[in-house]
Amino acid sequence: MTPPPVAAPAPPAPVAVDPRPARDPDVGRRTHPATGGALVLVGMLLIALNLRAAVTSVGALLDEVRDGLGLSGTMAGLVTTLPTIAFAGLGALTPWLVRRVAPARVLVVAMVALAAGQVLRATTDSALIFVLTSALALAGIAVANILLPMLVKQHFPHRTGLVTGAYTMALTLGTTVAAASAVPIAHAFGSWRAGLGAWAVMAAVAVLPWVPLALRTRAGARRSTPTAAVAAPVRVRPARTRLGWAMAVYFGAQSLSGYAIMGWLAQLFRDAGYHPESAGLLLAGVTALGVPIALLMPTVAGRLGNLRPLVLGLTTASTLAYLGLAFAPRGAALLWVALLAIGQGAFPMILTAIGLRARTAEGTVALSAFAQSTGYVIAALGPLMVGILYEVTGGWTAPLGFLLGALAVQTAAGMAIARPRYVEDE
């Protein structure tokens, strides 16, 4: 009797491979969201408060800084361009740095550098040392700029819009407070140096949540074994994708206008006849009105299938603001400030888009670093060109025309990133 045929053994079940990069023994552990996660969120918000104060305080006191240090218009343009130069150069190095040092420890050093740089630049009489110590402060901001979107993706993957909105709102709030109070602080203490140096205190406070998180990271690293080491993730290279370049151009053109506004808007209103305090308050108005926009924009962008309506709406607001500032800067200043605030909603939108256009934390930090570092190279033209055009022409028509041209480039890039897709797929 022939034995029954034996069934072939079933092939082994495929092993599921998680495409996400293995998580570093990092800050804020997901297993205890009420402790580690909350501390990460508090730390992120405190850092966000500091990300523009060192920039807008200079813009509000630019006349006093120019007089105190003997800066020419072109040199003042360099000072207002310095943030974008620092953000571009150091932002590109951040992914390399994070692969070698835990983010919490990086952020401790970044905030210490920011605090020290702000103190040192407020105490010097040398234009060169002022530039160098400003670069030190801005180095800390540059690194934090790149890390925040990654931390959102890593620690709050299911609340990306909400957390991005919270930290961009904190960023906008810090920008507003610095722009509004830099001049009053300077007058209260009788020197522009106080108006710049006061923000070092806020940077020092931002260090505090990251110290225990950094110590926890070090303890975790000591307990780990070689076999438990984090595997190197597959490298994502946004520079080889159309999406990466479109994101970089949009980020760069938006930042170009943003830093030109932070650096020169108060001067424009002073030239239109406003008192220095009033000019500083108008600059602060742009960022104050941007607070609710920063909170809502990430949620709105996250819910839209296509970002085209947002891109076109933001462009329209900015266009009307620039035209108004060119032809009637004093007649309807509050209207132009409100339209500028709406137009600057492009910043929280592009920060949200960085998370929306990447599937993984590795993809997010790679796209964030490329878009921001390359974008800030483009953005560096903004304050510098505005300063040169202002000095050469003695007015604001040419600088505002330049910003309108940059806005056209921004809009074209925005159309390219509007459609949903992922950098890892390209």
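It should be noted that the structure appears before, not after, this text.
So, here is what we can say about the structure in this document. Because the structure is a prediction, the values reported are computed rather than measured.

This paragraph deals with helix 18 (residues 397-417). Here helix 18 contains 21 residues, and its C-alpha end-to-end distance of 31 Å stays within 8% of the 30 Å for a straight helix at 1.5 Å per residue. Regarding helix 18, the residues found buried are Pro399, Leu400, Leu403, Ala406, Leu407, Gln410, Thr411, Ala413, Gly414 and Ile417. Packing partners of the buried residues in helix 18 comprise helix 11 (242-271), helix 13 (308-327), helix 15 (346-356) and helix 17 (381-393).

Moving on: the packing of helix 12 (residues 276-303) against helix 14 (residues 333-343). Two elements in contact, helix 12 and helix 14, have axes whose closest approach is 8 Å; the angle formed by their N-to-C orientations is 45°. If you check the angle between helix 12 and helix 14, you find them oblique. The chirality of how helix 12 crosses helix 14 is right-handed. Counted together, Leu282, Gly285, Val286, Leu289, Gly290 and Ile293 of helix 12 and Ala333, Leu334, Val337, Ala338, Leu340, Ala341 and Ile342 of helix 14 form the full contact between these two elements. Looking at side-chain class alone, the contact of helix 12 with helix 14 contains 11 nonpolar, 2 polar and no charged residues.

This part covers the nonpolar core. Within the largest apolar cluster, 125 residues are counted, with the highest numbers of intra-cluster contacts made by Met44, Ile47, Trp210, Met247, Tyr250 and Phe269. Apart from the residues within four sequence positions on either side, isoleucine 47 is in contact with Leu107, Met111, Ala144, Leu148, Ala206 and Trp210.

With that settled, consider the packing of helix 5 (residues 103-121) against helix 6 (residues 127-155). Close contact between helix 5 and helix 6 brings their axes to 8 Å; oriented N to C, the two are set at 150°. Relative to helix 6, the element helix 5 lies roughly antiparallel. Relative to helix 6, the crossing made by helix 5 is left-handed. Counted together, Pro103, Val106, Leu107, Ala110, Met111, Ala113, Leu114, Ala116, Gly117, Gln118, Leu120 and Arg121 of helix 5 and Phe130, Thr133, Ser134, Leu136, Ala137, Gly140, Ile141, Val143, Ala144, Leu147, Met150 and Leu151 of helix 6 form the full contact between these two elements. Residues that form the contact of helix 5 with helix 6 fall into these classes: 18 nonpolar, 5 polar and 1 charged.

Calculation rules
Residues numbered from 1 in each chain as written. Predicted model: local features only at pLDDT ≥ 70, side-chain atom pairs only at ≥ 80, totals over all residues. Heavy atoms only, no water. Helix = DSSP H or I, 4+ residues; strand = E, 2+ residues; numbered from the N terminus. Expected span 1.5 Å × (residues − 1). Buried < 20%, exposed > 50% of the residue type's maximum accessible area, 1.4 Å probe, protein only. Contact = heavy atoms within 4.5 Å. Axes fitted to C-alpha atoms, helices over the stretch in contact; angles between N-to-C directions. Parallel < 35°, antiparallel > 145°, perpendicular 65-115°, else oblique. Left-handed = near helix turned anticlockwise from the far one by under 90°. Nonpolar A, V, L, I, M, F, W, Y, C, P; charged D, E, K, R; others polar. Core = buried A, V, L, I, M, F, W, Y, C linked by side-chain atoms within 4.5 Å.

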